[in-house]
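Close look at the chain arrangement
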Amino acid sequence: MVDASNIRRISWTLLLVLILFMALGPSNLKYFWHGYLVAALLAVFWTLYLIYICENFTVYLTSLIIAFFSAFSFLTSFVAFLAAASLRGNESAASVVAGFAPIGITLLAYLFIAGGKPSFHPFEYDGMKVQPRYEKKQNSSASYSPILVAGATTLAASMTIKGLGLLNAAMVAMVGMQAFCIAALFHVRHIIRGLRLLRMQQRTMPTPYTFMQIDEIRQARSRWWISRFCYWVSSRRKSPSA
């Protein structure tokens, strides 16, 4: 459930994971930190929008899914690039292709999963207000925190490096993280497919779907100084043309 108490916690957590995993990339490449800084700033600005301004349910939930899988896809791609670069060099075409391959595989898996139909509708409605609805068997299963997964991944990687060596460990880590991305996509397949249906329905609606707890969120945002500042800037931009 997306309410005023967790809209910030979830968004900031995923942002932290995304920035952390991007920072683990091939820092020896030229202009890596320049690109990292630009990407990190864009991610921060988008997170601020999601927390303090956004009222579009599909935009918010889609952004969280993209941030989560982008973090692990980037990390997998970095590992694949380093493994290929250790054999072919940083500037070889094979290293570049190997680096982009995990992102391409995850994207193809996402498109394949999104194209299917959910076996149950993953959302419940109250007019234009929407919130996720989970199966009972999903509620009884463990809820994996991104921070917990990130820590477990780091620990497993360090243990694998000590046991197998850097190159072999990179190959094992790459396969493991790629498998994790595909398995996680399959786990949230109903949410992904349901969001696609919501976006299609919104095209014929005057207003988009919003959060089930939107009234509570608006009240909380009225107390947050960043939200008040954003609304003030927005009103200042609209006033000259009024």
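Shown above is the structure to which this text applies.
Quick caveat: nothing in here was measured; it's all calculated off a predicted structure. The numbers attached to residues start from 1 for each chain and follow its sequence in the written order. Where local features are concerned, this predicted model is filtered to residues with pLDDT of at least 70; where side-chain atom pairs are given and counted, the filter is 80 or more; whole-chain, interface and lining totals use all residues. For the side-chain quantities, the full set of heavy atoms in the structure was used; hydrogens and water were omitted.

1. Overview of the side chain of Arg 193
Each helix is a run of DSSP H or I of at least 4 residues and each strand a run of E of at least 2, with the numbering of both proceeding from the N terminus. By secondary structure assignment, the location of Arg 193 is in helix 8 (residues 189-202). Contact partners of Arg 193, with chain neighbours within four places excluded, come to Ile 113, Ala 114, Gly 116, Lys 117 and Pro 118. In this analysis, two residues are considered to be in contact whenever any of their non-hydrogen atoms come within 4.5 Å of each other.

2. Describing the packing of helix 1 (residues 7-23) against helix 2 (residues 32-52)
Here, axes are lines fitted to C-alpha atoms. For helices the fit covers the stretch in contact, and angles between N-to-C directions go from 0 to 180 degrees. At a minimum axis separation of 10 Å, helix 1 and helix 2 run at an interaxial angle of 175°. The orientation of helix 1 with respect to helix 2, classified from their angle, is roughly antiparallel. On the side of helix 1, the interface is formed by Ile 7, Arg 8, Ser 11, Trp 12, Leu 15, Leu 18, Ile 19, Met 22 and Ala 23, while helix 2 contributes Phe 32, Trp 33, Tyr 36, Ala 39, Ala 40, Ala 43, Val 44, Thr 47, Leu 48, Leu 50, Ile 51 and Tyr 52. Residue polarity is assigned by list, with Asp, Glu, Lys and Arg as charged and Ala, Val, Leu, Ile, Met, Phe, Trp, Tyr, Cys and Pro as nonpolar; anything else, Gly included, falls into the polar class. Per-class residue counts for the contact of helix 1 with helix 2 are 18 nonpolar, 2 polar and 1 charged. The labels follow the angle: roughly parallel below 35 degrees, roughly antiparallel above 145, roughly perpendicular from 65 to 115, and oblique for the rest.

3. Remarks on the environment of Arg 218
Within the element layout of this structure, Arg 218 appears in helix 9 (residues 214-223). Residues Arg 218 and Asp 3, spaced 215 residues apart in sequence, show a C-alpha to C-alpha distance of 9.9 Å.

The values reported here are purely geometric and, on their own, carry no functional implication.
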